[in-house]
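Reading the structure
Letter by letter, the chains look like this.
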Amino acid sequence: MKTPFSGRILPLFILISCGQPPTIAPEEPEINLVSTFDVALDRETQSKLESQFDAVLTPQNLDDWMKHMSSKPHHVGSPWSKKNAEFIAQKFESWGFETEIETFEVLMPFPKIRKLELVSPTHVSLQLKEPVLQEDATSGIRKNLLPGFNAFSADGNVTAELVYVNYGIPGDYEELARMGIDVKGKIVLARYGGSWRGIKPKVAYEHGAIGCIIFSDPKDDGYGQGDVYPKGPFRMEQGVQRGSVLDMPMYPGDPLTPGYGAKPDVKRLEIADAPTIMKIPVLPISYGDALPLLKALEGPVAPAKWRGGLPVTYHIGPGPAKVHLQLEFDWGLRTAYNPVAKLKGTVYPDEWIMRGNHHDGWAQGASDPLSGMVSLMEEARAIGELVKTGWRPKRTLVYAGWDAEEPALLGSTEWVEFHREEIQENLASVGTFLSMQSSLLPGEDALSWAASCIQSYVEGREESLDLAFGLRGAEKVKPGPTGAPSGEHDDWIATALRLVISKTPADKEWPVTKDLADIGRFCGLGGGNNDTDDKSIA
């Protein structure tokens, strides 16, 4: 349910997110702000402050911190995730921030049994593992490493004919229906892409399928895009994309504590009653493991748009390929560790400017999330250096390092649910809550672009906020400005912009993603949630 926003909003004209002075002259304010524009810096003072900030940034810190934090697997519930949270908190405290680590007890299934085999017309046991590479010493780390799996898949032990369903989105099932192909009682094989991964098993279940296998096709995510790892950056033959399939469009966060923080003593739903947990077993595999399955399929040849990059004719089935899929999980509660640091403002201490990034990863997580986390940390350290010169922020700065983001936005959602009233009262600018996740973004700098769009809106160009360019099946609105980044980053930036501006229509629905969704969803700034495949800003 959407709640009209009555909190306090500021434009993104601040040092840590925009990097450019406001174009509205402070002596002639044209917009109605929270606490007026009387504390705004003039252009010369703002530029000087930014130069001081830039001068103390030290790239070597990012390198050192990333090497330390990515030296071991650090998913939620792992020993190194706790150690990283403590490391982050210690750093923030040393830079002058009031810091605490807040914990939540969240449901996180760990795989116990993962088995997939082709049982007809021939028998093939699939590898379901990634190789150790001579070129990458970290690929040999196995202690506390989770295998490739989809978090919040159901347990299951099923055997059935296989049907290839392209991306496994609603339009693909419409095409199957036109061809007279039914997936009821079958196991579907879908390729990554075309939507968020959790849509694929959900739609498959709705059409009667009893299992779902998701593979990375090299046309979309492999040698069809360029050289594969370790020679290049693209997915290798045995690479598996991990990720959550929780029904986050229904609600994000801990599936057992919807709407309230997952503290140890709260009432929890039974796992069987949790509506966001998938109802059929779901397993991600590599395109190396997908190849024998596709080779064994017959039936109609797939439409041209359904054909991927593997050296085989793509058939749809059903059969004669028959597969056996068995999954079993340890459905335990894990402790999520959220380090949260505050630097109190001098003029408006009850107005928060918030920045966040998650610190948990599926494996070592150097790019996602730690490249974003260490960038955020260096930003905070530089602000701490400015404080030593006598400068203080007018509003309170809040930095957060979220745990358990990868499984289902668990750490951030639970924090927001638990602190909802405090956030509603104090959060002056949710627009700065841009969890960077990975600072290694292709193309133009997305944050600078977002800031320029916000500025355009403030100046009266309202079309700069209409940025929902084909958001994973959502109804399209007017196109965004020329030069806007495309693809999986679009929904993030659209979300950030809409949340920053208080003029967003209360009845306008649009998908939001990652940690940014939590602030909006629970504090009256919008609804919905989605996810992306490990390369987005949140």
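Calculation notes
Residues numbered from 1 in each chain as written. Predicted model: local features only at pLDDT ≥ 70, side-chain atom pairs only at ≥ 80, totals over all residues. Heavy atoms only, no water. Helix = DSSP H or I, 4+ residues; strand = E, 2+ residues; numbered from the N terminus. Buried < 20%, exposed > 50% of the residue type's maximum accessible area, 1.4 Å probe, protein only. Contact = heavy atoms within 4.5 Å. Areas by Shrake-Rupley, 256 points an atom, 1.4 Å probe, with all protein chains shown as cover. pLDDT = per-residue confidence, 0-100. Pairing = 2+ DSSP bridges. Core = buried A, V, L, I, M, F, W, Y, C linked by side-chain atoms within 4.5 Å. Phe/Tyr/Trp six-rings, centres within 6.5 Å; stacked < 30°, edge-to-face > 60°. Lys NZ or Arg CZ within 6 Å of the ring centre and 35° of its normal. Lys, Arg positive; Asp, Glu negative; His and termini not counted. Salt bridge = Lys/Arg side-chain N within 4 Å of Asp/Glu carboxyl O. Axes fitted to C-alpha atoms, helices over the stretch in contact; angles between N-to-C directions. Parallel < 35°, antiparallel > 145°, perpendicular 65-115°, else oblique. Left-handed = near helix turned anticlockwise from the far one by under 90°. Nonpolar A, V, L, I, M, F, W, Y, C, P; charged D, E, K, R; others polar. Arc of directions from axis to C-beta.

Overview of the overall build of the chain
Scanning the chain from terminus to terminus reveals 14 helices and 12 strands. Within the chain, buried positions represent 57% of all 538 residues. Taking the intrachain contacts of the chain between residues at least 6 apart in sequence as the baseline, contacts between residues at least 24 apart amount to 77%. Total accessible area computed for the chain in this model is approximately 21,700 Å², and 51% of it derives from carbon and sulfur atoms.

Considering the confidence of the model for the chain
The pLDDT averaged across the chain works out to 79; a share of 72% of its residues lies at or above 70. pLDDT under 50 marks residues 1-39. Its contacts with residues more than four places away, or in other chains, come to 101 contacts. Confidence drops under pLDDT 50 across residues 430-435; counting only partners more than four residues distant or on other chains, this segment forms 35 contacts.

What to know about the environment of leucine 107
Within the element layout of this structure, leucine 107 appears in strand β1 (residues 98-120). The exposure class of leucine 107 is buried, given its relative accessible area of 1%. Beyond its immediate stretch of four places on either side in the chain, leucine 107 contacts Phe152, Asp254, Pro255, Leu256, Ile271, Ile277, Trp331, Gly332, Leu333 and Leu410.

Observations concerning the pairing of strand β4 (residues 156-164)
Here six bridges tie β4 to strand β9 (residues 322-343), and the two strands are oriented antiparallel to one another. Its bridge partner being in β9, valine 158 is matched across the sheet by leucine 325. The pairing of β4 with strand β5 (residues 187-191) spans three bridges and is parallel. Counted as the bridge partner of tyrosine 164 is leucine 189 from β5.

Comments concerning the nonpolar core
One broad trend across soluble globular proteins is that nonpolar side chains are buried collectively. Within the largest apolar cluster, 82 residues are counted, with the highest numbers of intra-cluster contacts made by Leu116 and Leu293. Broken down by element, the residue count for this core peaks at seven residues, all from β1. In this view, leucine 116 contacts Val124, Ser125, Leu126, Leu128, Ile213, Leu283, Ile285, Leu293, Val323, His324 and Leu325; residues no more than four positions away in its chain are not counted. The next biggest cluster of nonpolar side chains, apart from the first, holds 23 residues, and it includes Leu370, Ala380, Ala382 and Leu386.

Observations regarding the packing of aromatic side chains
In the structure shown here, the tally under the stated rule is 14 aromatic pairs. Members of the aromatic cluster, connected to one another through ring pairs, are Trp65, Phe92, Trp95, Phe97 and Tyr399. Lysine 263 extends its terminal NZ or CZ atom over the ring of phenylalanine 104, reaching a point 4.3 Å from the ring centre. The ring of phenylalanine 110 carries the charged tip of arginine 334 above its face, separated from the ring centre by 3.9 Å.

Quick notes on the pairing of strand β6 (residues 211-215)
With five of five residues buried, β6 lies mostly within the body of the structure. Residues Gly211, Ile213 and Phe215 point to one face of β6 and Cys212 and Ile214 to the other, with burial holding for every one of them. In the sheet, β5 pairs with β6 via five bridges, with the strands oriented parallel. Directly across from arginine 191, in β6, lies its bridge partner phenylalanine 215.

Digging into the side chain of glutamate 414
Its location among the elements puts glutamate 414 in helix α10 (residues 410-418). Here glutamate 414 is buried and forms no salt bridge, its nearest opposite-charge partner arginine 268 lying at an N-O distance of 7.3 Å.

Some words on the pattern of salt bridges
Per the counting criterion, the structure on display carries 16 salt bridges. The shortest N-O distance in the salt bridge between arginine 191 and aspartate 220 comes to 3.3 Å. Within this pair, whereas arginine 191 is found in strand β5, its partner aspartate 220 is found in helix α6 (residues 218-221), the two being separated by 29 residues in sequence. Residue classification places arginine 191 among the buried positions, given a relative accessible area of 1%.

Focus: unusual backbone geometry
With omega at 10 degrees, the peptide bond leading from tyrosine 229 into proline 230 counts as cis. Structurally, proline 230 is set in the loop between α6 and β7 (243-244). Looking along the chain, the bond that leaves aspartate 368 and enters proline 369 is cis, with omega of 15 degrees. At leucine 128, a position not held by glycine, the phi torsion is positive, near 55 degrees.

Some remarks on the packing of helix α1 (residues 43-56) against helix α8 (residues 366-388)
α8 packs onto α1 with a crossing angle of 120 degrees between their chain directions and a minimal axis gap of 9 Å. Classified by the angle between their axes, α1 and α8 sit oblique to one another. You can see that α1 and α8 cross each other, and the crossing is right-handed. For the pair formed by α1 and α8, the contact residues are Leu49, Gln52, Phe53 and Val56 on the first element and Glu378, Glu379, Arg381, Ala382, Ile383, Glu385 and Leu386 on the second. The class makeup of the residues in the contact of α1 with α8 is six nonpolar, one polar and four charged.

So, the packing of helix α2 (residues 59-69) against α8
Where α2 meets α8, the closest approach of the two axes is 9 Å, and the angle between their N-to-C directions is 135 degrees. Comparing the axis directions of α2 and α8 gives the class oblique. Read as a crossing pair, α2 and α8 show a hand that is right-handed. On α8, the residues that touch Asn61, Leu62, Trp65, Met66 and Met69 of α2 are Ala366, Leu370, Ser371, Met373, Val374, Ser375, Met377, Glu378 and Arg381.

Thoughts on helix α4 (residues 170-178)
What α4 keeps buried is the set Asp172, Tyr173 and Leu176. Take α4 and look down its axis: the buried residues cluster within an arc of 100 degrees, on one side only. Away from its buried face by more than 90 degrees, α4 exposes Ala177 and Arg178. Directly after α4, the chain includes glycine 180, whose backbone phi takes a positive value near 75 degrees.

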